[in-house]
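Here are the chains, one letter per residue:
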Amino acid sequence: MDFSQLNKKFAQNFNDQKAILKKLLQGKAVNCTSCNKPLSVKLNEKEAEFLVSCKTGCTQLTLEID
Ligand SMILES: [Zn+2]
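Remember, it's a predicted structure, so these values are computed and weren't measured experimentally.

Rules used throughout
- Residues numbered from 1 in each chain as written.
- Predicted model: local features only at pLDDT ≥ 70, side-chain atom pairs only at ≥ 80, totals over all residues.
- Heavy atoms only, no water.
- Donors = N, O, S within 2.8 Å, 3.2 Å for Na, K, Ca; no water.
- Tetrahedral: all angles 85-135°; square planar, octahedral: opposite > 155°, others 65-115°.
- Helix = DSSP H or I, 4+ residues; strand = E, 2+ residues; numbered from the N terminus.
- Expected span 1.5 Å × (residues − 1).
- Pairing = 2+ DSSP bridges.
- Buried < 20%, exposed > 50% of the residue type's maximum accessible area, 1.4 Å probe, protein only.
- Contact = heavy atoms within 4.5 Å.

### Focus on the coordination of the zinc ion
- Ligation of the zinc ion by protein atoms is provided by C32 (SG), C35 (SG), C54 (SG) and C58 (SG), these donors lying 2.2 to 2.3 Å from the ion.
- In this structure, the zinc ion is surrounded by 4 donor atoms whose angles at the metal cover 106 to 115°, and the resulting shape is tetrahedral.
- Counting residues between consecutive donors of the zinc ion along the chain gives the motif C-x2-C-x18-C-x3-C. Of this pair, C35 sits in the loop between α1 (3-25) and β1 (39-44) while C58 sits in the loop between β2 (49-54) and β3 (60-64), and the two are 23 residues apart along the sequence.

What follows is the structure, encoded as structure tokens:
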């Protein structure tokens, strides 16, 4: 198991997720990479995080507000 590769991939995914969130917050449409349905963003004020999900549910991202 190559952990440096794993970390790299994780960081990559994290950056991708932040990029997606940024676009959604700018009002741009982003489609789910799996089902190709539009992603929507919700604000969870209690947990201070954003929830990004598609209708089908195959994408469910949680991003903390920084
Ligand atoms: Zn999906």
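So, next bit.
### Considerations on α1
- If you check α1, its first and last C-alpha atoms are 33 Å apart, about what 23 residues at 1.5 Å a residue would give, namely 33 Å.
- Just past α1, the residue G27 takes up positive phi, approximately 85°.

### Some thoughts on the pairing of β1
- Across 6 bridges, the pairing between β1 and β2 is antiparallel. Of the residues in β2, the one forming a bridge with N44 is E49.

### Overview of the environment of K42
- Take K42: it is sitting in strand β1.
- The class of K42 is exposed, set by a relative accessible area of 56%.
- Sequence separation between K42 and A29 is 13 residues, and the spatial gap between their C-alpha atoms is 14 Å.
- Look past the residues within four positions of K42 in its chain and what remains in contact with it is E49, F50 and L51.

### Quick notes on unusual backbone geometry
- In this structure, N36 is a non-glycine residue whose phi angle is positive, near 65°.
- Along the chain, N36 turns up in the loop between α1 and β1.
- Despite not being glycine, A48 has its phi angle at roughly 55°, a positive value.
- Within the secondary structure, A48 sits in the loop between β1 and β2.
- Overall, A48 belongs to the partly exposed group, its relative accessible area being 37%.

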